[in-house]
Structure formats: C-alpha cells, structure tokens
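Architecture at a glance
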Amino acid sequence: MIRIFAKANYDFIGLRRYAYGITGVILFLGIVFLSTFGLNYSIEFTGGTLVQITTTKKVDVGSLRTGLDQGGIPGSEIQSFGSDTEYTIRARIVVAGSDANNTQATASAVKAAIRKVLGEGGSTCPAAGTSIATGQNWCVGRTEAVGPKVGGELRQQAFLLIFLSFFAVLAYLAYRFEWRFGVAAVLATLHDICTTIAFIS
C-alpha cells in the first residue's frame, strides 16, 4: 500500500507568515466587499416570485437555468412539478433601493428568458383537460409571490447558537487543559467563520 504521508515533516510554523498574508488579503477584500455590496442572500433567505409553466414536451432543466442566467436572473430555482412537462421556477429581482422582491418585474423577466429558450408561449394555460394552443410551446399556470424559507428569526437563532458555542468550547478547554487553549480554539473558529464569509462576499 502506498503511504503518501510516510515521511510527513511540514514546517507549518515556518510558513505562518505566508498564511497570515493570505488570510489578511482575503479578510481585507471581504470587508471591502461586505461594506460596499453586503451579502447577496439567496431566495431561501429573501423570498421571491414563483412561476409555474407547462410545456408541450420535456425540457432540459439545464437549458432553462442557462436561459434565466443569461436573462439576468441568476440563482433561480427550477423544479419539476407534477409531470415531466410542468416546472416551477423561483426567481427574484429586487426593487431599486431596497431588498424587496419585485413580483411583476420578476415574472416578466422569467417569461422573456423562457421565451428565448422554448420559443413562442407565455399565455395563461388552458383549463384542465385541454391542450396548449396551437403554435404555443409553453404556457404559464400561475404566478405568485413566495416568502423566504429561512426567516430572520431563524438566522438570529443560528448566530446566537454559534455565539454560545464559543463560550462552551472556551469553558471546556479551560477546564480540561488551560484557558489559553480555549481562547486559541475560539479565535481559530472565529477566524474560519469570518474568512469564509469574506471569501463568499
């Protein structure tokens, strides 16, 4: 068996200055982006607009997602609904100057993007038991505003649990070993969280 780490002798302490520099650059850029643009929350956190469509034939979800991305609606959620020719699309376009979803603008943008992918269509779907009108490749079943799955209260609870976990780790390590080990562990965890958020931003 091949032993990849048979002679592991890495000078982590000697390379610490490089690690400080890389982390510092990521944190600095992250703080700049956070203070300028903030975090771009997904539909799970902000809510959006749900558009249900029915097509005349099965459609590749990847092509729909590409069309929406090119239409200026990145991060949309697309799911099959009921059958191979029914899909629900959750998307979001914010109102200028706020973080609220503009349902009408989102629905119009989704229809325009899908029209480029599937061709003619976009009218209201006919009643159950009847087919889509001739010359139409797809129709819209319903359009409605949807709320966020992850609310502000849940986010606050998550932050509170992380904060309390720091004290739990600090207390345990201070009791089991030395208090400075607990401080080091908490600072290392805080560093990882902040660096990850900065990198995402």
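Everything in this summary refers to the structure shown in the same document. These numbers come from a predicted model, not from an experiment. (Residues numbered from 1 in each chain as written. Predicted model: local features only at pLDDT ≥ 70, side-chain atom pairs only at ≥ 80, totals over all residues. Heavy atoms only, no water.)

Observations regarding the state of the cysteines
The full count for this structure, using the stated rule, is one disulfide. Covalent S-S linkage joins C125 and C139, the inter-sulfur distance amounting to 2.0 Å. On the sign convention where negative is left-handed, the bridge of C125 and C139, at about 95° about the S-S bond, is right-handed. Here C125, found in the loop between β4 (121–124) and β5 (138–146), pairs with C139, found in strand β5; they are 14 residues apart in sequence, far enough to count as distant. Classification of C139 as buried rests on a relative accessible area of 1%. (Disulfide = S-S within 2.5 Å. Helix = DSSP H or I, 4+ residues; strand = E, 2+ residues; numbered from the N terminus. Buried < 20%, exposed > 50% of the residue type's maximum accessible area, 1.4 Å probe, protein only.)

So, the packing of aromatic side chains
Taken as a whole and assessed by the stated rule, the structure comprises two aromatic pairs. Taken together, a centroid distance of 5.2 Å and an interplanar angle of 80° make the contact between F163 and F167 edge-to-face. Within this pair, F163 and its partner F167 are both found in helix α5 (residues 152–176), separated by four residues, close to a single helical turn. Overall, the relative accessible area of 47% leaves F163 in the partly exposed class. Residue classification places F167 among the partly exposed positions, given a relative accessible area of 49%. Aromatic pair F177 and F181: ring centres 6.2 Å apart, planes at 55°, arrangement tilted. Note that R176 overlies the ring of F177, its terminal NZ or CZ placed 5.0 Å from the centroid. (Phe/Tyr/Trp six-rings, centres within 6.5 Å; stacked < 30°, edge-to-face > 60°. Lys NZ or Arg CZ within 6 Å of the ring centre and 35° of its normal.)

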